[in-house]
Amino acid sequence: MFAGTMGPLIGLLLLCLALTLTTDTFLTVRNILNVLDQITVLGIMAIGMTLVILIGGIDLSVGSVLALAAMVMGFVSHPDYLNLGLAAGVVAALVVAGLCGLVSGLLVTVTRLPPFIATLAMMSVARGLANMITDGSQIVGFPDWFTSLSIIRHFGFLSVTVGVMMVLAIVFAIFLNYRATGRSLYAIGGSAEVARLSGIPVKSLTNWVYTICGVLAGLAGIVLAARLDSVQPSSGLGYELDTIAAVVIGGASLSGGVGSIGGTAVGVLIIGVLRNGLNLLGVSPFIQQVVIGVVIALAVASDTWRRRAR
């Protein structure tokens, strides 16, 4: 489950050590819980992106799908619009997000578009639809029980949203390591043609992977709505880059066939801890973008060096 994560894990520990020595507030229970809350949305999206990158694909639409799903949930459930109840809104959001992922998958498998182009097109379509739903306006105000899912800490430390992220990580880690279908994703990433000749339904699994990635992006949008008590069509801007970065930093290869949920979890933590630590140190947000960009470049470079060494 943590194959190939020794380097990222050591990097995470060194980062935590450095921030502990340079700040008084980093290594506190309150701040650690704050980091967990901050990475929940990214963590859920990164699980789906791990599956996509494992098969040698990429999904640039997850941030836009997140926004579209959140807007659909708000439009269906809010009293100022359809007022069908939050349960109906959540179901509608997940269905729409899954359909977006399925369309991306079909563009890759049926029309044979490169994943980059297919998901870039979906990114634009989903963002446009998210703005069309309310003509660019945000929707504010959800039931208290819904927003409390990200606020109330059960057992003193675990909110429902953080718990959902952890459960999903465990389930998908078990799936990738102990189920034949999960192992097939590694085979597809290694060589789609060899996997096809071995009897693996490459096209079908590819469609399912993109659909699952879309559903998880939609779920991340629902979690974000619970945190902010609002939904807006501009949500998720740039999230696709952070999501891809977390997976790659965690040891996955952009060429496919290499990666793990454990590694992705480490990558998500590195990004979350880095952002949190830079905020505690009072570093400008503009400099933070530079630092995170350098970390991403180093992670991709290390992946290239590993493949050349092999």
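Look up a bit, the structure's there.
Residues numbered from 1 in each chain as written. Predicted model: local features only at pLDDT ≥ 70, side-chain atom pairs only at ≥ 80, totals over all residues. Heavy atoms only, no water.

**Student:** It is not clear to me how the packing of helix α2 (residues 29–54) against helix α11 (residues 239–249) should be interpreted in this structure. Could you clarify?
**Tutor:** What describes two packed helices is the angle between their axes and the distance between those same axes. Relative orientation of the contacting elements α2 and α11 amounts to 65°, with a least axis distance of 8 Å. As the angle between them shows, α2 and α11 are arranged roughly perpendicular. Every pair of crossing elements has a handedness; the one defined by α2 and α11 is right-handed. The segment α2 lies against α11, with V41, L42, M45, A46, M49, T50 and I53 engaging Y239, D242, T243, I244 and V247. When its residues are assigned to classes, the contact of α2 with α11 shows nine nonpolar, two polar and one charged. (Axes fitted to C-alpha atoms, helices over the stretch in contact; angles between N-to-C directions. Helix = DSSP H or I, 4+ residues; strand = E, 2+ residues; numbered from the N terminus. Parallel < 35°, antiparallel > 145°, perpendicular 65-115°, else oblique. Left-handed = near helix turned anticlockwise from the far one by under 90°. Contact = heavy atoms within 4.5 Å. Nonpolar A, V, L, I, M, F, W, Y, C, P; charged D, E, K, R; others polar.)

**Student:** Would you take a moment to explain the side chain of T211 for this structure?
**Tutor:** In this structure, T211 sits in helix α10 (residues 202–228). For T211, a relative accessible area of 15% translates into the label buried. In this view, T211 contacts G98, G101 and L102; residues no more than four positions away in its chain are not counted. (Buried < 20%, exposed > 50% of the residue type's maximum accessible area, 1.4 Å probe, protein only.)

**Student:** In this structure, what is going on with the nonpolar core? I would like to understand it.
**Tutor:** Taken as a class, soluble globular proteins show a tendency for nonpolar side chains to be buried jointly. Core analysis: the biggest nonpolar cluster contains 89 residues, and M73, F146 and V231 have the highest contact counts within it. For this core, the element with the highest residue contribution is α2, accounting for 15 residues. Ignoring sequence-local partners within four residues, the contact set of F146 consists of M73, L86, I222, A225 and A226. (Core = buried A, V, L, I, M, F, W, Y, C linked by side-chain atoms within 4.5 Å.)

**Student:** It is not clear to me how helix α5 (residues 115–133) should be interpreted in this structure. Could you clarify?
**Tutor:** For α5, spanning 19 residues, the distance from its first C-alpha to its last is 27 Å, which sits close to the expected 27 Å at 1.5 Å a residue. Those residues of α5 lying buried are A118, T119, M122, A126, R127 and A130. Down the axis of α5, the buried set is contained in an arc of 160°. They therefore lie on one face. More than 90 degrees from the buried face of α5, the exposed residues found are S124 and M132. Positive phi shows up at D135, right after α5, with a value of about 60°. (Expected span 1.5 Å × (residues − 1). Arc of directions from axis to C-beta.)

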